[in-house]
Amino acid sequence: MADQIARLAVRHWALWQLPKRALVAYVLAVELLAATGIVAALALIPIPSANLAPFLLLTSCILVYSELSMPIERLRRVARPFVDLNAVWMFAGILLLHPALSAVVIAVSFTVQWIRLRPVPMFRLIFSMSATIVASYAACAFSRVTDPVPFERMTRDAASFGLVVGAGLVFLVVSAVITAVFHYFTAGHRRIAGSVATAGEQALEAATVALGILLAWALVDWPIVLVLIIGITLVLHRSVLIRQLRDQARTDPKTGLLNSATWAKDAAVQLERRATSALLMLDLDNFKSINDKYGHLIGDKHLKGVADVLRAEVRATDMVGRFGGEEFVILLPETSQEDAMAIAERIRRKVEGFAVDGFGTVTVSVGVAAHPEHGSTLDEVVNAADVALLAAKTAGRNRTLLFAAPGGPGW
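Please read all numbers here as calculations on a predicted model, not as lab measurements.

Take the nonpolar core next. By size, the foremost hydrophobic cluster in this structure holds 33 residues, and its most contacted members are Trp89, Phe91, Leu95, Leu97, Phe151, Phe171 and Leu215. Among the elements of the structure, helix H3 (52–79), helix H4 (87–96), helix H5 (99–117), helix H6 (122–146), helix H7 (158–187), helix H8 (199–221) and helix H9 (225–250) are those that each provide at least two residues to this core. Not counting the four nearest positions on each side in its chain, Leu95 is found in contact with Phe151, Val164, Ile213 and Ala216. Within the second largest apolar cluster, 28 residues are counted, among which are Leu280, Ile290, Leu303 and Phe328.

Okay, structure coming up:
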């Protein structure tokens, strides 16, 4: 018991384990801004008595919905990073309630799920909560500056609709920027794109905010519609889970790239549809020595870093997969041998410049093959690229070679 109490001491907080002091200061600044905003709102803006009913209703909805969706949410959070669908209730609170009360609604939403699921350290919970509260202040300020009329007394016309949607966009953008800065420096992403939500996740967040607008409207004009919104949100929640599980089945968990089976299936289809294509096979040089020297967790960071480089250096139509172990494959549709060699060399040089801080660098050897010159089927082209890769490693590693028949040019 004494040990458990000791671990709660300030000096043992996980916050202090963040990689940079500036990041710790950033987290504390966001949390201080959220707390200061609550105090300022209470001091400057009186709480209308009419806020009590929607406040109690929204907090009740959060408690009920959290329990109804808990089985789905447990699976979602195991499956992959997630988007919090409770923005439905939170944004309705932003539109209808005093800023301090909307902050309480946000805090209740985050806290209930954290107590039931414990998915992150407490400092991350408080930071996420604070970031959302700060974003709610920005949305509230936008609403008050553009139209001081409270939401419940707004005329239901196109202009008011535009203002409400604008507040929703402000909420989404501010929240995304605050959390993206945190994730960018925490995870050590090389590109800012790696720290922001995907287009699909952003669309989902926007949909939850849109439902929040409808919920606020319903609570003002037709409260019984709340029952339908709860049902719609549960269906959306389950649909998101299905999509996440499907995506998980297609991707490699360590790198986020297509797994070998999915890549082979999709690449075979693409190869049949294209008159010309090229294929790159890449292998990390001396990767076993990194695992042996630094351990498999550091090795996994190298794999993830190389995967990020590959994603950044190819087109949206190209297919990148993890072939197995430390090998990767890239299918380049409508690409000539010459262009494929140029792309492979660019990737090789980019990987050569990649390093996991304090744990060395890696290089890659690359084998290049083309369709239909080096094979009419995927298996034949993959085999040709594999032969070229072996030749590159035999020739000294950290180089790119194009497949050639044994005894031909390049051998």
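And the narrative resumes.
Roughly 440 Å³ of volume is contained in the second largest pocket. Along the wall of the second largest pocket there are 24 residues; nearest its centre are Leu95, Arg144, Pro150, Phe151 and Glu152. Where the lining of the second largest pocket is concerned, the elements lending two or more residues are H4, H6 and H7. Per-element tally for the lining of the second largest pocket: the top contributor is H6, with four residues. Grouping the constituent residues of the lining of the second largest pocket by class yields 16 nonpolar, four polar and four charged.

This part is about the environment of Arg273. Residue placement: Arg273 occurs in helix H10 (residues 260–273). You can call Arg273 exposed: its relative accessible area is 63%. Taking the C-alpha atoms as reference points, Arg273 and Pro333, 60 residues apart in sequence, are found 9.2 Å from one another.

Here the focus is the side chain of Asp252. Position of Asp252 among the secondary structure elements: in the loop between H9 and H10. Among the polar contacts made by the side chain of Asp252, one reaches the side chain of Thr255 at a distance of 2.7 Å. Not counting residues within four places of it along the chain, the set of residues in contact with Asp252 comprises Leu257, Leu258, Asn259 and Arg322.

Glancing now at the packing of aromatic side chains. Note on aromatic pairs: each is described by the distance of the centres and the angle between the planes. Using the criterion set out here, one finds four aromatic pairs in the structure. Ring geometry for Tyr65 and Trp89: centres 5.5 Å apart, planes at 55°, overall tilted. Here Tyr65 is found in helix H3, whereas its partner Trp89 is found in helix H4, with 24 residues between them in sequence. The exposure classification of Tyr65 matches that of Trp89, with both residues buried. Cluster of aromatic residues (ring-pair linked, three or more members): Tyr26, Phe127 and Phe182. Over the aromatic face of Phe151 sits the side chain of Arg156, whose NZ or CZ is 5.0 Å from the ring centroid.

Here the focus is the packing of H10 against helix H14 (residues 378–394). Where H10 contacts H14, the axes come no closer than 10 Å and their chain directions differ by 110°. By the angle between their axes, H10 is roughly perpendicular relative to H14. Facing H10, whose interface residues are Trp263, Ala264, Ala267, Ala268 and Leu271, H14 presents Leu378, Val381 and Val382. Its residues placed into classes, the contact of H10 with H14 shows eight nonpolar, no polar and no charged.

Time to look at the pattern of salt bridges. Under the counting rule described, the total for this entry stands at 12 salt bridges. In this structure, Asp308 engages Arg311 in a salt bridge whose closest nitrogen and oxygen atoms are separated by 2.7 Å. One end of the pair, Asp308, and the other, Arg311, are both in helix H12 (residues 296–313), three residues apart, so they sit about a helical turn from each other. Of the charged contacts, one joins Glu345 and Arg349 as a salt bridge, the two residues approaching to 3.5 Å between their closest N and O atoms. Of this pair, Glu345 and Arg349 both sit in helix H13 (residues 337–352), separated by four residues, roughly a single helical turn.

Another aspect to go through is H14. With 17 residues, H14 should cover 24 Å at 1.5 Å per step; its first-to-last C-alpha distance of 24 Å lies within 8% of that length. What H14 keeps buried is the set Leu378, Val381, Val382, Ala384, Ala385, Ala388, Leu389, Ala391 and Ala392. The secondary structure elements touched by the buried residues of H14 are H10, strand E1 (277–284), strand E2 (319–324), strand E3 (327–333), strand E4 (364–371) and strand E5 (400–402).

The next subject is helix H11 (residues 287–294). By the burial criterion, the buried members of H11 are Phe287, Ile290 and Asn291. Looking straight down H11, one finds that the buried residues subtend no more than 95° of arc, so they occupy a single side. Facing away from the buried side of H11 by over 90 degrees, the exposed positions are Lys288, Asp292 and Lys293. The secondary structure elements touched by the buried residues of H11 are E1 and H12.

Where H4 meets H6, the axes come as close as 10 Å, and the angle between the chain directions of the two elements is 40°. One way to sum up the angle between H4 and H6 is to call them oblique. Crossing of H4 over H6 shows right-handed handedness. Contact with H4, carried on its side by Met90, Phe91 and Ile94, involves Thr132, Ser136, Ala139 and Cys140 of H6 and no other residues of that element. Of the residues that constitute the contact of H4 with H6, the class distribution is five nonpolar, two polar and no charged.

Conventions adopted
Residues numbered from 1 in each chain as written. Predicted model: local features only at pLDDT ≥ 70, side-chain atom pairs only at ≥ 80, totals over all residues. Heavy atoms only, no water. Core = buried A, V, L, I, M, F, W, Y, C linked by side-chain atoms within 4.5 Å. Buried < 20%, exposed > 50% of the residue type's maximum accessible area, 1.4 Å probe, protein only. Helix = DSSP H or I, 4+ residues; strand = E, 2+ residues; numbered from the N terminus. Contact = heavy atoms within 4.5 Å. 1 Å grid on protein atoms, 1.4 Å probe; cavity = no way out; pocket = protein on both sides within 12 Å on 5 of 7 lines; lining within 4 Å. Points joined across faces, edges and corners; volume = space filled by probe spheres on them. Nonpolar A, V, L, I, M, F, W, Y, C, P; charged D, E, K, R; others polar. Polar contact = N/O pair within 3.5 Å; in protein donor to acceptor, adjacent residues only side chain to side chain. Phe/Tyr/Trp six-rings, centres within 6.5 Å; stacked < 30°, edge-to-face > 60°. Lys NZ or Arg CZ within 6 Å of the ring centre and 35° of its normal. Axes fitted to C-alpha atoms, helices over the stretch in contact; angles between N-to-C directions. Parallel < 35°, antiparallel > 145°, perpendicular 65-115°, else oblique. Salt bridge = Lys/Arg side-chain N within 4 Å of Asp/Glu carboxyl O. Expected span 1.5 Å × (residues − 1). Arc of directions from axis to C-beta. Left-handed = near helix turned anticlockwise from the far one by under 90°.

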